[in-house]
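Here are the chains, one letter per residue:
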Amino acid sequence: MVKVKDKEFTICITAGEICQKVAEIAERINHDYDGKNPLLLGILNGSFIFASDLIRKLSIPCEISFVKFSSYSGTATSGKVKELIGLNEEIRDRHVLVIEDIVDTGLTLEKLLESLEQMGPASLKIACLCFKPGSFRKTFRIDYAGMNIPDDFVVGYGLDYEGFGRNLPEIYKLSR
Ligand code: IMP
């Protein structure tokens, strides 16, 4: 049990399990992107830890950049997505791999994918550590999902509750 701000959370995914899932995703990316020099595009703030662990397990030549979106306030989705930092890289004809910590409703990614598709990438795929299939309301495909999780609100490993909890090495769910 850990306390983050005013709420209590219990462990649901250990650091070892996370490490294993990141390694599995990296192995698939190393295979699928061999010879393609992909551009990884992390979505800030939440993906910074996943992205940094993932890229260190990639053995293929690759680049990484970050964009910043926000759709959450507290523990419930606001339903609104706001672009805070735009994309500076030229992505035309690049193999772009979006790196997201967690996909919930899919609203954040849908908006990003729409923008990126208009820029003419050679390919556009998504890697996320956690996926909440029960909340997902969109139709696009998640190409690399580390693990499916229930619709619990989670913190740790980059994920926050009101800005706190990102530093926890494990993933914790909100206690009922
Ligand atoms: P979506 O747009 O509903 O898919 O939400 C995606 C974003 O919301 C993620 O990038 C996270 O930053 C945040 N998010 C979604 N679920 C959680 C959660 O359980 N804990 C913390 N942040 C979350």
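Above this text you will find the structure in question.
Just so it is clear, the structure is predicted and the values come from calculations on it, not from any experiment. (Residues numbered from 1 in each chain as written. Predicted model: local features only at pLDDT ≥ 70, side-chain atom pairs only at ≥ 80, totals over all residues. Heavy atoms only, no water.)

Undergrad: So what exactly am I meant to see when it comes to unusual backbone geometry here?
TA: Residues apart from glycine generally show negative phi values, whereas peptide bonds are mostly found in trans. Cis geometry is found at the peptide bond from L44 to N45, where omega equals 0°. By the element assignment, N45 lies in the loop between β3 (39-44) and α2 (48-55). Look at Y157: it is not a glycine, yet its phi comes out positive at around 50°. Of note, Y157 is situated in the loop between β9 (154-155) and β10 (171-174). Positive phi, close to 50°, is recorded for E162, a residue that is not glycine. (Helix = DSSP H or I, 4+ residues; strand = E, 2+ residues; numbered from the N terminus.)

Undergrad: Can you walk me through the site of the ligand in this structure?
TA: If you check the shell around the ligand, you find 17 residues, and the closest are T105, G106, T108, K132 and V154. Backbone polar atom of D104 to an oxygen atom of the ligand: 3.0 Å apart, as the coordinates give it. Within the backbone of V154, one N or O atom sits 2.6 Å away from a nitrogen atom of the ligand. Here the ligand has 490 Å² of accessible area as a free molecule, and 92% of this is covered by the chains. The set of elements that each furnish at least two residues to the shell around the ligand consists of β4 (63-73), β6 (95-103) and α3 (107-117). Counting residues per element, the shell around the ligand draws most heavily on β6, at four residues. Residues of the shell around the ligand, tallied by class, amount to seven nonpolar, four polar and six charged. (Near = heavy atom within 4 Å. Polar contact = N/O pair within 3.5 Å; in protein donor to acceptor, adjacent residues only side chain to side chain. Areas by Shrake-Rupley, 256 points an atom, 1.4 Å probe, with all protein chains shown as cover. Nonpolar A, V, L, I, M, F, W, Y, C, P; charged D, E, K, R; others polar.)

Undergrad: Any chance you could explain the side chain of H95 here in plain terms?
TA: The topology assignment puts H95 in strand β6. Within the structure, the side chain of H95 is placed 2.7 Å from the side chain of S123, a separation counted as a polar contact. Dropping the residues within four chain positions of it, H95 is found in contact with Y33, K36, P38, L39, A122 and S123. (Contact = heavy atoms within 4.5 Å.)

Undergrad: I tried to follow the packing of aromatic side chains on my own but got confused; where do I start?
TA: To describe a pair of aromatic rings, you give the distance between the ring centres and the angle between the ring planes. The full count for this structure, using the stated rule, is five aromatic pairs. When the centroid spacing of 5.1 Å and the interplanar angle of 75° are considered together, the rings of F131 and F136 count as edge-to-face. Classification of F136 by relative accessible area gives buried; the value is 18%. Centre to centre, the rings of F153 and Y161 are 6.2 Å apart; their planes meet at 80°, and the pair counts as edge-to-face. For F153, a relative accessible area of 9% puts it in the buried group. Put simply, the rings of F9, F153 and Y161 touch in pairs and so form one group of aromatic residues. (Phe/Tyr/Trp six-rings, centres within 6.5 Å; stacked < 30°, edge-to-face > 60°. Buried < 20%, exposed > 50% of the residue type's maximum accessible area, 1.4 Å probe, protein only.)

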